[in-house]
Amino acid sequence: MDKKHIFITGGTSGIGLSLAEAYLKEGHHVGICGRDLSKIPAYMKDQYPFMHVYELDINDRKKVNETIVNFSKGRLDLVIANAGIASFKGHDIPDFDNVFKVINTNVLGVMSTIEASLKVMLPNKKGHLVVISSVAGEIGLPRVGQYSASKAAVTKYCEALAIDLKKYNIVVTTILPGFIDTPLTRVNKHYMPFLMSSEKATKLIKKSIDNKAIRYVFPRRMKWLVYILSIMPRRLYRTLMGLVASRLT
Ligand SMILES: NC(=O)c1ccc[n+]([C@@H]2O[C@H](COP(=O)([O-])OP(=O)(O)OC[C@H]3O[C@@H](n4cnc5c(N)ncnc54)[C@H](OP(=O)(O)O)[C@@H]3O)[C@@H](O)[C@H]2O)c1
């Protein structure tokens, strides 16, 4: 079997961890990173000899570059820029410390990951970059404008990058999930429409990556809801989402 070299940022919990396990089960070399490695279930270290674990904050551009290049050993088939944070504070006055943290991690952290990946993929003229964005980037969500802005930025960046990198045989896939049941959303007290299990989401994401999709938005009902919200008259959107926001605590 051809063992691929796959690196996943934010593989210590949630979607990243589930994706890592799915690829490890297939026998690939999988590199995962995070700031808190103690979150990785102990059994995985014994069960998967091809799992490579790195303590890494993706806000550290230099270290992200070093880690991904070192992991690759000259071969990098797939990189999934998954690490991200969200924060629902339930308040309409922005907390700018949080705004900068979200933008730095979700946007610049992804850029550092792509920068590092291209150091290996461009000379090899081969590779697959995947970015886990969000449907939240398709609309401006009240109270979490920084999260929406961060995901909109990476979605648009990937849309452009996919065109630029095509001639170098590098595929770019953008994944836009709706609500998935992970530690990130478990803290939410508000209603999460069409919430999907992490297991089901992992299967769908992996299938779209295996198919080298350009863009994958799911669950389907969330895709349509967000589409309608994104094209409706802005005045109506404001009124509707204003009502939603007023019900949030
Ligand atoms: N769950 C959802 O409903 C949903 C929906 C749409 C999009 N997404 C996106 O999916 C991705 C994964 O989220 P999740 O739901 O799986 O959340 P999660 O369980 O909280 O996982 C987030 C992962 O990112 C890592 N991470 C966060 N900040 C990091 C940093 N500065 N450096 C390195 N690693 C960092 C975390 O590791 P450490 O804490 O160990 O650093 C963790 O492994 C995120 O980009 C999120 O925005 C999630």
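Residues numbered from 1 in each chain as written. Predicted model: local features only at pLDDT ≥ 70, side-chain atom pairs only at ≥ 80, totals over all residues. Heavy atoms only, no water.

Novice: Whenever I open this one, the overall build of the protein confuses me. Can you help?
Specialist: Counting secondary structure elements, the protein contains nine helices and seven strands. Taken over C-alpha atoms, the radius of gyration comes to 18 Å for the protein, in line with the 18 Å a tight globule of 249 residues would show. In terms of overall dimensions, the protein has C-alpha extents of about 55 × 40 × 35 Å along its principal axes. Each of the 249 residues in the protein was classed as buried or not, and the buried ones make up 49%. Contacts in the protein between residues far apart in sequence, at least 24 positions, make up 66% of those at least 6 positions apart. (Helix = DSSP H or I, 4+ residues; strand = E, 2+ residues; numbered from the N terminus. Rg over C-alpha atoms; globule rule 2.2 N^0.38 Å. Buried < 20%, exposed > 50% of the residue type's maximum accessible area, 1.4 Å probe, protein only. Contact = heavy atoms within 4.5 Å.)

Novice: Help me understand the pairing of strand 1 (residues 5-9), please; the structure alone is not making it clear to me.
Specialist: Taking burial as the measure, the five residues of strand 1 include five buried ones, the bulk of the element. Pairing analysis gives five bridges linking strand 1 to strand 2 (residues 29-34), with the strands arranged parallel. Each bridged residue has a counterpart across the sheet, and for His5 the counterpart in strand 2 is His29. Two strands pair when backbone bridges link them, and strand 1 and strand 4 (residues 78-81) are joined in this way by three bridges, in the parallel orientation. Residue pairing across strands places Ile6 opposite Leu78, the latter belonging to strand 4. (Pairing = 2+ DSSP bridges.)

Novice: I tried to follow helix 1 (residues 14-25) on my own but got confused; where do I start?
Specialist: Helical periodicity: at 3.6 residues per turn, an α-helix aligns residues three or four positions apart in one direction. Under the 1.5 Å per step criterion, the end-to-end length of helix 1 is 17 Å for 12 residues, consistent within 8% with the ideal 16 Å. The buried count for helix 1 comes to 10 of 12 residues, which makes it a mostly enclosed element. Listed in full, the buried residues belonging to helix 1 are Gly14, Ile15, Gly16, Leu17, Leu19, Ala20, Glu21, Ala22, Tyr23 and Leu24. Looking one or two places after helix 1, you find Gly27, whose phi comes out positive at around 90 degrees. (Expected span 1.5 Å × (residues − 1).)

Novice: I'm lost on the packing of helix 8 (residues 220-231) against helix 9 (residues 234-246) in this one. Help?
Specialist: If you want to describe how two helices pack, look at the angle between their axes and the distance between the axes. For the pair helix 8 and helix 9, interaxial distance at closest approach is 7 Å and the crossing angle is 125 degrees. The pairing of helix 8 with helix 9 is recorded here as oblique in orientation. Note on element contacts: helix 9 touches helix 8 through Arg234, Tyr237 and Leu240, opposite Leu229, Ser230 and Ile231. Split by residue class, the contact of helix 8 with helix 9 holds four nonpolar, one polar and one charged. (Axes fitted to C-alpha atoms, helices over the stretch in contact; angles between N-to-C directions. Parallel < 35°, antiparallel > 145°, perpendicular 65-115°, else oblique. Nonpolar A, V, L, I, M, F, W, Y, C, P; charged D, E, K, R; others polar.)

Novice: What am I meant to see in the pairing of strand 2 here?
Specialist: Within a regular strand, the side chains alternate between the two sheet faces. For strand 2, the buried fraction is high: six of the six residues fall into the buried class. In strand 2, alternate side chains face the same way, and those of His29, Gly31 and Cys33 on one face and Val30, Ile32 and Gly34 on the other are all buried. Crossover handedness for the path strand 1 to helix 1 to strand 2: right-handed. Between strand 2 and its parallel partner strand 3 (residues 51-55), the chain crosses via helix 2 (residues 42-47), and the hand of that crossover is right-handed. (Right-handed = clockwise from strand over helix to strand, strands pointing away.)

Novice: Is there a simple way to think about the sheet that holds strand 7 (residues 215-218) in this case?
Specialist: Sheet strands associate in pairs through backbone hydrogen bonding, adopting either a parallel or an antiparallel arrangement. Pairing is parallel in the open sheet, where seven strands are placed in the order 3-2-1-4-5-6-7. The two strands at the open ends of the sheet, each matched to only one other strand, are strand 3 and strand 7. Between one strand and the next, the sheet's axes are offset by a mean angle of 15 degrees, whatever the strand orientation. Of the strand pairs in this sheet, strand 5 (residues 127-132) and strand 6 (residues 170-177) are connected by six bridges, and their pairing is parallel. Within the sheet, the bridge partner assigned to Gly127 lies in strand 6 and is Ile170. Where helix 4 (residues 96-124) meets the sheet, its contacts fall on strand 1, strand 4, strand 5 and strand 6, and the angle it forms with strand 5 comes to roughly 170 degrees. Seen against the sheet, helix 7 (residues 198-210) touches strand 4, strand 5, strand 6 and strand 7 and runs at an angle of roughly 160 degrees to strand 7.

Novice: Just checking my understanding: could you explain the packing of aromatic side chains for this structure?
Specialist: Given two aromatic rings, one states the distance between the centres and the angle between the planes to describe the pair. Applying the stated criterion to the full structure yields five aromatic pairs. When the ring of Phe7 is compared with that of Tyr54, the centres are 5.9 Å apart and the planes differ by 40 degrees; the resulting orientation is tilted. Of the two residues, Phe7 is situated in strand 1 and Tyr54 in strand 3; the sequence distance between them amounts to 47 residues. Relative accessible area serves as the criterion here: at 0%, Phe7 is assigned to the buried category. Residue Tyr54 is classed as partly exposed on the basis of its relative accessible area of 22%. One aromatic cluster is present, built from ring pairs that chain together Phe7, Tyr54 and Phe71. If you follow Arg234 out to its NZ or CZ, it ends over the ring of Tyr237, 4.4 Å from the centre. (Phe/Tyr/Trp six-rings, centres within 6.5 Å; stacked < 30°, edge-to-face > 60°. Lys NZ or Arg CZ within 6 Å of the ring centre and 35° of its normal.)

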